[in-house]
Amino acid sequence: MTTTEPERTGPGAPRPAPGGRRAPGQGLTWSLRGRGPEDVPVLADPGPPLGRPAGPATGRGVRVCVVDSGVERDHPLIGPLAGSWVVVKDAESGEITVEPTTTGDTCGHGTACAGIVRRTAPECEIHSVRVLGERFSGTGDVLMAGLRWAVEQGFDVINLSLSTTRTRFAQELHSLADSAYFARTVIVASAHNTPVESFPWRFASVISVGSHQEDDPELHLYNPDPPVEFFGPGQNVTVPWLGGRTIRTTGNSFATPYVAGLCARVLSAHPRMTAFQLKNALYLSAANVRHAPRPSTAAGDIRDDSEN
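What counts and how
Numbering of residues begins from 1 in every chain and follows the order in which that chain's sequence is written. At least 70 in pLDDT is required for a residue's local features to be given in this predicted model, at least 80 for side-chain atom pairs to be given and counted, and no such filter applies to totals for whole chains, interfaces and linings, which use all residues. Derived side-chain values reflect all non-hydrogen atoms in the structure, with water molecules and hydrogen atoms excluded from consideration. Segments assigned H or I by DSSP are reported as helices when at least four residues long, segments assigned E as strands when at least two residues long, and all are numbered from the N terminus. Summary of the burial criterion: residues with accessible area below 20% of their type's maximum are buried, those above 50% are exposed, and those between are partly exposed, where the area comes from a 1.4 Å probe applied to protein chains only. Throughout, a residue-residue contact means that at least one pair of heavy atoms, one from each residue, lies within 4.5 Å. Surface accessibility follows the Shrake-Rupley procedure with a 1.4 Å probe radius. Residue values consider only the protein chains on display as shielding. Centres within 6.5 Å make a pair out of two Phe, Tyr or Trp rings, where for Trp the six-membered ring is used; the pair is then stacked when the planes are under 30 degrees apart, edge-to-face when over 60, and tilted otherwise. A pair of strands is treated as paired once DSSP finds two or more bridges between them. Note on geometry: axes are lines fitted to C-alpha atoms, helical ones only across the stretch in contact, with angles between N-to-C directions running from 0 to 180 degrees. Orientation categories follow fixed angle ranges, with anything under 35 degrees roughly parallel, anything over 145 roughly antiparallel, 65 to 115 roughly perpendicular, and all other angles oblique. The hand of a helix crossing depends on one turn: near helix anticlockwise from the far one by less than a right angle means left-handed, and clockwise means right-handed. In this count, Pro and Cys sit with the nonpolar residues alongside Ala, Val, Leu, Ile, Met, Phe, Trp and Tyr, while Asp, Glu, Lys and Arg are called charged and the others, Gly among them, polar. Counted as a polar contact is a pair of N or O atoms within 3.5 Å, where, for protein atoms, one must be capable of donating a hydrogen and the other of accepting one, and residues adjacent in sequence contribute only when both atoms are in side chains. Method remark: on a 1 Å grid restricted to protein atoms, a set of points is classed as a cavity if a 1.4 Å probe fits but cannot get out and as a pocket if it is open with protein on both sides within 12 Å along at least five of seven lines; lining residues have an atom within 4 Å of a point. Grid points are joined across faces, edges and corners, and a volume is the space filled by probe spheres set on the points. Here, a salt bridge means any Lys or Arg side-chain nitrogen found within 4 Å of an Asp or Glu carboxyl oxygen. Only buried Ala, Val, Leu, Ile, Met, Phe, Trp, Tyr and Cys residues count toward a nonpolar core, and they belong to the same one when joined by side-chain atoms within 4.5 Å.

A.B. asks: Please give an account of the overall build of the protein that cites residues and values.
C.D. replies: Of the regular secondary structure elements, the protein holds 5 helices and 11 strands. The buried share among the 308 residues of the protein stands at 46%. When contacts within the protein are restricted to residue pairs at least 6 apart in sequence, long-range pairs at least 24 apart make up 70% of them. Just so you have it, the protein exposes about 16,800 Å², and 51% of that area is on carbon and sulfur atoms.

A.B. asks: Kindly report on the packing of aromatic side chains, identifying the contributing residues and their values.
C.D. replies: Here the structure, examined in full by the defined rule, presents 6 aromatic pairs. Between Phe 199 and Phe 203, the ring centres sit 5.7 Å apart and the planes meet at 20 degrees, which makes this aromatic pair stacked. With relative accessibility at 9%, the residue Phe 203 sits in the buried group. Aromatic pair Tyr 222 and Phe 230: ring centres 5.8 Å apart, planes at 65 degrees, arrangement edge-to-face.

A.B. asks: Describe the sheet that holds strand β2 (residues 83-89), listing the residues and the values that go with them.
C.D. replies: The mixed open sheet is built from 9 strands, whose spatial order is β3-β2-β4-β1-β5-β6-β7-β9-β8. The open sheet has two edge strands, β3 (96-100) and β8 (221-222), and neither has a second partner. Pairing between β2 and strand β4 (residues 125-130): 4 bridges, direction parallel. Bridge pairing links Val 86 to Arg 130 in β4. The sheet contacts of helix α5 (residues 275-285) involve β6 (186-190), β7 (207-212), β8 and β9 (230-233), and relative to β9 the element is tilted by about 65 degrees.

A.B. asks: Kindly report on the packing of helix α4 (residues 252-269) against α5, identifying the contributing residues and their values.
C.D. replies: Helix-helix packing is described using two parameters, namely the angle between the two axes and the distance between the axes. Close contact between α4 and α5 brings their axes to 11 Å; oriented N to C, the two are set at 110 degrees. Considering the angle they form, α4 stands roughly perpendicular to α5. In the packing of α4 onto α5, the handedness of the crossing is right-handed. In this structure, α4 contributes Val 259, Leu 262, Cys 263, Val 266 and Leu 267 to the contact, and α5 contributes Leu 278, Ala 281 and Leu 282. Broken down by class, the residue content of the contact of α4 with α5 amounts to 8 nonpolar, no polar and no charged.

A.B. asks: So, the side chain of Glu 229: which residues are in play, and what are the values?
C.D. replies: Relative to the helices and strands, Glu 229 is located in the loop between β8 and β9. A distance of 2.9 Å separates a polar atom in the side chain of Glu 229 from a polar atom in the side chain of Lys 279. Excluding anything up to four places from it in sequence, Glu 229 contacts Val 206, Ile 207, Ser 208, Leu 221, Tyr 222, Asn 223 and Lys 279.

A.B. asks: Please provide a residue-by-residue account of empty space enclosed by the protein, values included.
C.D. replies: Enumeration according to the criterion identifies 2 cavities of 30 Å³ or more in this entry. As a volume, the largest cavity reaches approximately 40 Å³. Lining the largest cavity are Tyr 181, Thr 185, Val 186, Ile 187, Ser 205, Val 206, Ile 207, Ala 275 and Lys 279. Elements supplying a minimum of two residues to the lining of the largest cavity: β6 and α5.

A.B. asks: An account of the pattern of salt bridges is needed here, citing residue identities and associated values.
C.D. replies: According to the stated counting rule, one finds 6 salt bridges in the structure shown. Of the charged contacts, one joins Glu 123 and Arg 60 as a salt bridge, the two residues approaching to 2.5 Å between their closest N and O atoms. Of this pair, Glu 123 sits in the loop between α1 (109-120) and β4 while Arg 60 sits in the segment before β1 (63-68), and the two are 63 residues apart along the sequence. The class for Arg 60 is exposed, based on a relative accessible area of 58%. A salt bridge links Glu 172 to Arg 148, with the shortest nitrogen-to-oxygen separation between them at 2.2 Å. Taken together, the positions of Glu 172 in helix α3 (residues 170-182) and Arg 148 in helix α2 (residues 140-152) put the pair 24 residues apart, joining distant regions of the chain. Classification of Glu 172 by relative accessible area gives partly exposed; the value is 38%.

A.B. asks: Break down the environment of His 174 for me, with residues and values.
C.D. replies: Structurally, His 174 can be placed in helix α3. Expressed as a C-alpha distance, the spacing of His 174 and Ala 204, which sit 30 residues apart in the sequence, is 9.2 Å.

A.B. asks: Help me get a handle on the nonpolar core, residues and values and all.
C.D. replies: Formed by 37 residues in total, the largest nonpolar core has its most connected members in Val 157, Val 188, Ile 207, Val 259 and Cys 263. Of all the secondary structure elements, the ones that give two or more residues to this core are β1, α1, β6, β7, β10 (237-240), α4 and α5. With residues up to four places along the chain from it excluded, the contact list for Val 259 reads Val 188, Ile 207, Val 209 and Leu 282.

A.B. asks: Talk me through the pairing of β10; I want residue IDs and the actual numbers.
C.D. replies: Two strands pair when backbone bridges link them, and β10 and strand β11 (residues 246-249) are joined in this way by 4 bridges, in the antiparallel orientation. Across the sheet, residue Val 239 finds its bridge partner in β11, namely Ile 247. What sits between the antiparallel neighbours β10 and β11 is a turn of 5 residues, in which Gly 243 has the positive phi angle 80 degrees.

Coordinates in, geometry out; function isn't part of it.
Next up, the structure:
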């Protein structure tokens, strides 16, 4: 037996997500008993043909959050951020909070990722949530808090070039990834650089990314043998780094923001696309996906086997 709670309003009620989207858990519909298609109209965006947005798509109007080590302020290859926060854990009480910050980047990793997003989708809004400290140090509970906060803000795209091998976080991460998916927040997550079990890139509700070694910096591939779904340019790539400079580096971390930037570009031209439509757009536009011709509908070319 199930019961239905009335939707809460007023102080303490769940916050509607940006763009009229419902936040996770709001207005859950388990069946259409007593209602029909006319009661649940959806204004849909068919998306770009073959996965490529029509006309110039620069990421304008799309909010991308980089959950990482922070982003260096006013790096010439990134520019100003739309917002910057840090996850803070009290050493005595263990309480974790998310607070505004101007401290920038602790190790360069987040700056690199933000720079790739900016290069790929130059007009998107970039926000930063710092969950890593110096020397790439971090804990699973801080990562969880930062990612959860980003999902609750209703960002369009979250770049997560991080993962955890701690299985005790797997179930909570899975639930959080599903909440993001249904709220139309797209989490683009990096696969681990070594063949170990880690999360959340293993979950189908995120877009998982590894790196390829092709020279074309505008090329992405679909993986016909998941769980990694897509490969992006991430080997020997030039990225922004601390001190306003650049370095060359390699890793799945740097393929991930390229795909996040592609998502921002598609969404800027087709803002009503859902997360599963966006995955399909990436699939259709991947360089290694061949598009089979449609079957002919000419007279005599279709056989009706209904009575055979």
